[in-house]
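# Chain and residue survey
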Amino acid sequence: MAAYEYRAGLEGVPATQSSISFVDGKSGILEYRGIAIDQLASQSTFLETAYLLIWGALPSRQELAAFEGEIQRHRRLKYRIRDMMKCFPESGHPMDALQACAAALGLFYSKRAIDDPAYMQEAVVRLLAKVPTMVAAFQLMRNGNDPVQPRDDLGYAANFLYMLNEKEPDPFSAHIFDVCLTLHAEHTINASTFSAMVTASTLTDPYAVIASAVGTLAGPLHGGAAEEVVGMLERIGSVENVRPFVDRCIEQKQKIMGFGHRVYKVKDPRATILQNLAEQLFDRSGQDEYYAIAVELEKVVGEKMSYKGIYPNVDFYSGLVYRKLGIPTDLYTPVFAISRTAGWLAHWKEQLGENRIFRPTQIYTGLHEVPYTAMDDR
Ligand code: CMC
C-alpha cells in the first residue's frame, strides 16, 4: 500500500501557509490581507492594492506617492528589449511574447541579491512598471507600428490604455480598468501562483519567477477563459438561442465558459462587481450586443445547474468590460497577467521569507529490474 494518498491536481492539499489572500467559496468571500474585495474595488486603486499585497499593509499617503512615482519612472523599456521584440513573429500569441520579455528582463537586471531589501524593492517596481509597457508594445509592433512611450502624467491604468490605443482614455474608462486590475490581482494558490512559488523557492531571480507564472497562466484551463466567453457569446448570437445552447451543452456534457470554479460554489464575488462595472460602462457608452445574451445565459445556467454549484466566475463578465474598453480579445490573458503580477510578487516575497525548496514526492508506477535490451533485439 502506498505510504501517501495521491490527489490528482493536489486538490485540497495545502501547499503553503500564507497571509496574502483568503477565499471562502461557500459564502463567496475574497479578502486581500483581510480586506474584502468589494471594499478594495470601491475604495482602493490597483497600485495601492499591489502595495498592500506585496508589503502586507496599506501604504500611507507618502508611501503610496513614492511607490507610484518609482513605478512611473521605470515604465520605459530598454531599446534592446524593443529590438528583441521586433524579431517576434506577428502571429505569435501575446502571452508568449510577454513570457519572453519578462525572462529577458533577467538578462539586464540579473543580480540575484534576493536577500537585499533594496534589490527586492527594485524588482517589484520594475516588473509592475514594465509588464504593461511590454504588453502594449507587442500589440502595436505586431500591427507594424512603433510602440508608444509611456506618459508620465497618466496613472497606471490610464497609461496602459493610452499605450495600447494610442489615445488617452476618458477618466471613467481608466477608473473601470483600474478596478478590473484590482479584482484580478490575487487569488490564493492557483496554478500560476504555485508555479511562481516553486520557481521562487529555488532562489532564482524574480524575472524568472514572473516568466514562469506567465507561462502557466497562458493555458486555456487557467487564464484563457475570458477570451473563450466572448467567442461563446458570439456563437450563441441571440437571446432566443441561449436556452437551446445550454440544453445542448448539458446533453453533450460540454463546459460552459465562464461558469464553475474549483473553490466557489456560489457566484464569484468578482463576477458580481464586474457585472456592475459592465453595466456602468454600457450606461455611459452604449449597450454591448452580447450583454443581454450574457444575462440570459446566467439566468438559464442558474435554473439548470445551480444545484451543482455552477455560477459565473471572474471570467464571465470581464471580457465584456475589456471589449468595451477597446482591448483586443487575445490580450485579455496578458491583461490578467499585468494585474496578477502583483499577487505573484507577493507570493515570491512571502516564499523567500521562510523558504524551503519545493521537492514533493511521487508514487512510482513503473517497472523495476528490467534487463537492458540490445538494439538489434528490440
Ligand atoms: N459548464 C458546465 N458544467 C460544468 C461547468 C461548466 N462551466 N463547470 C463545472 N461543471 C460541472 C462538471 O461537468 C461536473 O459535473 P458532473 O459532476 O456531473 O460530472 C461538475 O460541474 C464539477 O466540475 P469539475 O470540472 O469537476 O470541477 P473543477 O473544480 O475541476 O473545475 C473549472 C473547475 C473552472 C475548471 C470548471 O468549472 C470549468 O472548466 N469551467 C469553464 C472554464 C472557465 O470558466 N474557467 C475559468 C476559471 S476561473 C479563472 C481561473 O482559474 O483562471
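Residues numbered from 1 in each chain as written. Predicted model: local features only at pLDDT ≥ 70, side-chain atom pairs only at ≥ 80, totals over all residues. Heavy atoms only, no water.

### What to know about the sheet that holds strand β1 (residues 21-24)
Formally: Strand pairing requires that DSSP identify at least two bridges connecting the strands. Secondary structure elements are defined from DSSP: runs of H or I of at least 4 residues count as helices, runs of E of at least 2 residues count as strands, and each element is numbered from the N terminus.
Pairing in this open sheet of three strands is antiparallel, and the strands run β1-β2-β3 from one edge to the other. Here the strands that pair on one side only, and so sit at the sheet edges, are β1 and β3 (35-36). Two strands pair when backbone bridges link them, and strand β2 (residues 29-32) and β3 are joined in this way by two bridges, in the antiparallel orientation. For Tyr32, the partnering residue across the bridge sits in β3 and is Ile35.

### Digging into the pattern of salt bridges
Filter applied, for reference: Here, a salt bridge means any Lys or Arg side-chain nitrogen found within 4 Å of an Asp or Glu carboxyl oxygen. Burial here depends on accessible area, computed with a 1.4 Å probe over protein chains only, as a share of the maximum for the residue type. Under 20% is buried, over 50% is exposed, and the range in between is partly exposed.
Summed over all chains, the structure comprises 15 salt bridges. Ionic pairing is found between Lys86 and Asp83, a salt bridge with its closest N-O pair at 3.2 Å. Placement of both Lys86 and Asp83 in helix α4 (residues 79-86) is noted, with a separation of three residues, approximately one turn of the helix. With relative accessibility at 59%, the residue Lys86 sits in the exposed group. Asp83 gets classed as partly exposed once you look at its relative accessible area, which sits at 33%. In this structure, the salt-bridge partner of Glu289 is Arg323, at a minimum N-O distance of 3.4 Å. With Glu289 in the loop between α13 (269-285) and α14 (291-305) and Arg323 in helix α15 (residues 315-324), the pair connects residues that are 34 residues apart, well separated along the chain. Judged by its relative accessible area of 28%, Arg323 is partly exposed. Here the salt bridges share partners, and the residues they tie into one network are Arg151, Asp153 and Glu168.

### Focus: the site of the ligand
Selection criterion: If a single non-hydrogen atom of a residue is within 4 Å of a molecule or strand, that residue counts as near it. For the purposes of these results, a polar contact is taken to be a pair of N or O atoms within 3.5 Å, where, inside protein, one atom must be able to donate a hydrogen and its partner to accept one; residues adjacent in sequence count only when each atom of the pair is a side-chain atom. Using a 1.4 Å probe, accessible areas were evaluated by the Shrake-Rupley method; residue-level cover was limited to the displayed protein chains. As a working rule, the residues Ala, Val, Leu, Ile, Met, Phe, Trp, Tyr, Cys and Pro are called nonpolar, Asp, Glu, Lys and Arg charged, and the rest polar, with Gly in that last group.
Around the ligand there are 17 residues in total, and His222, Lys255, Ile256, Phe259 and Lys308 lie nearest to it. In the environment of the ligand, an oxygen atom lies 2.4 Å from a nitrogen or oxygen atom belonging to the backbone of His222. Here Gly258 contributes a backbone N or O atom positioned 2.8 Å from an oxygen atom of the ligand. If the ligand stood free it would expose 940 Å²; the protein chains cover 66% of that surface. For the shell around the ligand, the per-class residue count stands at six nonpolar, seven polar and four charged.

### Brief notes about unusual backbone geometry
For Leu10, which is not a glycine, the phi torsion comes out positive at approximately 50°. Locating Leu10 in the fold gives a position in the segment before β1. With phi around 50°, Glu369 is a residue other than glycine that occupies positive phi space. Positionally, Glu369 belongs in the segment after α16 (332-353).

### Quick look at helix α11 (residues 225-236)
Because the α-helix completes a turn every 3.6 residues, residues three or four places apart line up on one side. Heads up, the rule is: Here a helix's expected span is defined as the number of its residues, less one, multiplied by 1.5 Å. Contacts between residues were defined by any pair of non-hydrogen atoms, one from each residue, lying within 4.5 Å.
If you check α11, its first and last C-alpha atoms are 16 Å apart, about what 12 residues at 1.5 Å a residue would give, namely 16 Å. Within α11, the full set of buried residues consists of Ala225, Ala226, Val229, Val230, Gly231, Met232, Leu233 and Ile236. Contacts made by the buried residues of α11 are with α12 (242-251), α14, α15 and α16.

### Observations concerning the environment of Asp38
By the element assignment, Asp38 lies in helix α1 (residues 37-43). Through-space distance from the C-alpha of Asp38 to that of Thr182 is 9.9 Å; in sequence the pair is 144 residues apart.

### Details of the packing of aromatic side chains
The cut-off we apply is this: Centres within 6.5 Å are what make two rings of Phe, Tyr or Trp a pair, Trp counting through its six-membered ring; a difference in plane orientation under 30 degrees is then read as stacked, over 60 as edge-to-face, and the rest as tilted.
Taken as a whole and assessed by the stated rule, the structure comprises 12 aromatic pairs. Taken together, a centroid distance of 5.2 Å and an interplanar angle of 35° make the contact between Phe46 and Tyr156 tilted. Here Phe46 is found in helix α2 (residues 46-55), whereas its partner Tyr156 is found in helix α7 (residues 156-165), with 110 residues between them in sequence. What makes Tyr156 buried here is its relative accessible area of 9%.

### A look at the environment of Pro171
Summarising the element assignment, Pro171 is placed in helix α8 (residues 171-183). A relative accessible area of 69% means that Pro171 is categorised as exposed. Along the backbone, Pro171 and Pro132 are 39 residues apart, and their C-alpha atoms lie at a distance of 18 Å.

### Quick notes on the pairing of β1
Successive side chains on a regular strand alternate, one facing one side of the sheet and the next facing the other. Here β1 shows one buried face, formed by Ser21 and Val23, and one open face, formed by Phe22 and Asp24. Strand direction decides the pairing type here: β1 and β2, joined by four bridges, are antiparallel. Bridged to Val23 within β2 is Leu30. In sequence, β1 turns back onto β2 through a hairpin of four residues, with Gly28 there showing a positive phi of about 70°.

### Quick word on the domain arrangement of the protein chain
Selection criterion: These domain boundaries are the output of an automatic or database domain assignment. By buried area we mean how much accessible surface two parts lose on assembly, using a 1.4 Å probe and totalling the loss over both.
As assigned here, the protein chain comprises domain 1 (18-216 + 331-353) and domain 2 (225-324). Computed from C-alpha atoms alone, the centre-to-centre distance between domain 1 and domain 2 is 27 Å. The partner domain 2 presents 22 residues to the 25 residues of domain 1 that form the contact. When the two sides are added together, the surface that domain 1 and domain 2 hide from each other amounts to roughly 2,000 Å², 72% of it contributed by carbon and sulfur. Looking at the side of domain 1 facing domain 2, the largest losses of area belong to Phe172, Leu183 and Tyr332, adding up to 33% of the total buried there. Our count for the contact surface shared by domain 1 and domain 2 stands at zero salt bridges. Our count for the contact surface shared by domain 1 and domain 2 stands at five residue pairs in polar contact (both at pLDDT 80 or more). When residues in the side of domain 1 that touches domain 2 are grouped by element, the largest group, seven residues, is from α8. When grouped by side-chain class, the residues that make up the side of domain 1 that touches domain 2 number 13 nonpolar, eight polar and four charged.

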